[in-house]
Amino acid sequence: MRKLYCLVIVVLILNLPNSVVSANIEIPQRLNTADVVSIQISKGLHGAYTKTYKAKRFWEKHKIINVVNWIHNATENNVENDIVVHGYPDLLRIDVKNGENIYISYAHKCDVRKNADSTEYICKPIDGYLRYSQGEETKLLQSKQLFDWLQSL
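S.K.: With reference to specific residues and values, describe the packing of aromatic side chains.
M.R.: Scanning the model with the defined rule gives three aromatic pairs in all. Judged by centre distance (6.1 Å) and plane angle (40°), the ring pair of Y53 and W149 falls under tilted. Placement of Y53 in strand β2 (residues 49–54) and of W149 in helix α3 (residues 144–152) is noted, with a sequence separation of 96 residues between them. Neither Y53 nor W149 differs from the other in exposure class; each is buried. Taken together through their ring pairs, the aromatic side chains of Y53, W70 and W149 make up a single cluster.

Laid out in structure tokens, this is it:
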């Protein structure tokens, strides 16, 4: 009986409507959980680690719901001047039913050290900041939850 009760609670939580999420930013062509086909994470040099969560897999749908909620609850930041994409950033790709892809990667800040014969770039991800790219538009988002989740993978 206890297992059945837990299963019913999980099903109810996974089927909560997206309307319970309030958005702090205006995401182009509003991202909806029902429109997400899959989420793919590629980490490391040339995507040495990859993981895909598909919406059609019941046991993975909660990850997609969490990612969409974190994006909706993110705040937009306009401090774009020093923020760069560097090297092979950890990357999250969201495939949407309309065929479009959304890309999320770490935002990096680089310190430049010039030597007599070379230039050295020391780049580090900025804690809690991510680059959100959809179509031609790129935004800098602050989402500690999404950032931490990507770090933990």
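Moving on from the coordinates now.
S.K.: Account for the state of the cysteines, with residues named and values stated.
M.R.: In this structure the tally under the stated criterion is one disulfide. Shown here is the disulfide that connects C110 with C123, its sulfur atoms set 1.9 Å apart. Taking the sign of the S-S torsion, 110° for the link of C110 and C123, the bridge is right-handed. One end of the pair, C110, is in strand β6 (residues 101–114); the other, C123, is in strand β7 (residues 119–134), and 13 residues separate them in sequence.

S.K.: Residue-level account of the pattern of salt bridges, with values.
M.R.: Enumeration over the complete set of coordinates arrives at six salt bridges. In this structure, the salt-bridge partner of E60 is R57, at a minimum N-O distance of 3.2 Å. The exposure class of R57 is partly exposed, given its relative accessible area of 28%. Note that K144 is salt-bridged to D148, the shortest N-O span being 3.1 Å. Separated by four residues within a single helix, K144 and D148 lie in helix α3, roughly one turn from each other. Of the residues examined, D148 reaches a relative accessible area of 34% and is grouped as partly exposed.

Conventions used here
- Residues numbered from 1 in each chain as written.
- Predicted model: local features only at pLDDT ≥ 70, side-chain atom pairs only at ≥ 80, totals over all residues.
- Heavy atoms only, no water.
- Phe/Tyr/Trp six-rings, centres within 6.5 Å; stacked < 30°, edge-to-face > 60°.
- Helix = DSSP H or I, 4+ residues; strand = E, 2+ residues; numbered from the N terminus.
- Buried < 20%, exposed > 50% of the residue type's maximum accessible area, 1.4 Å probe, protein only.
- Disulfide = S-S within 2.5 Å.
- Salt bridge = Lys/Arg side-chain N within 4 Å of Asp/Glu carboxyl O.

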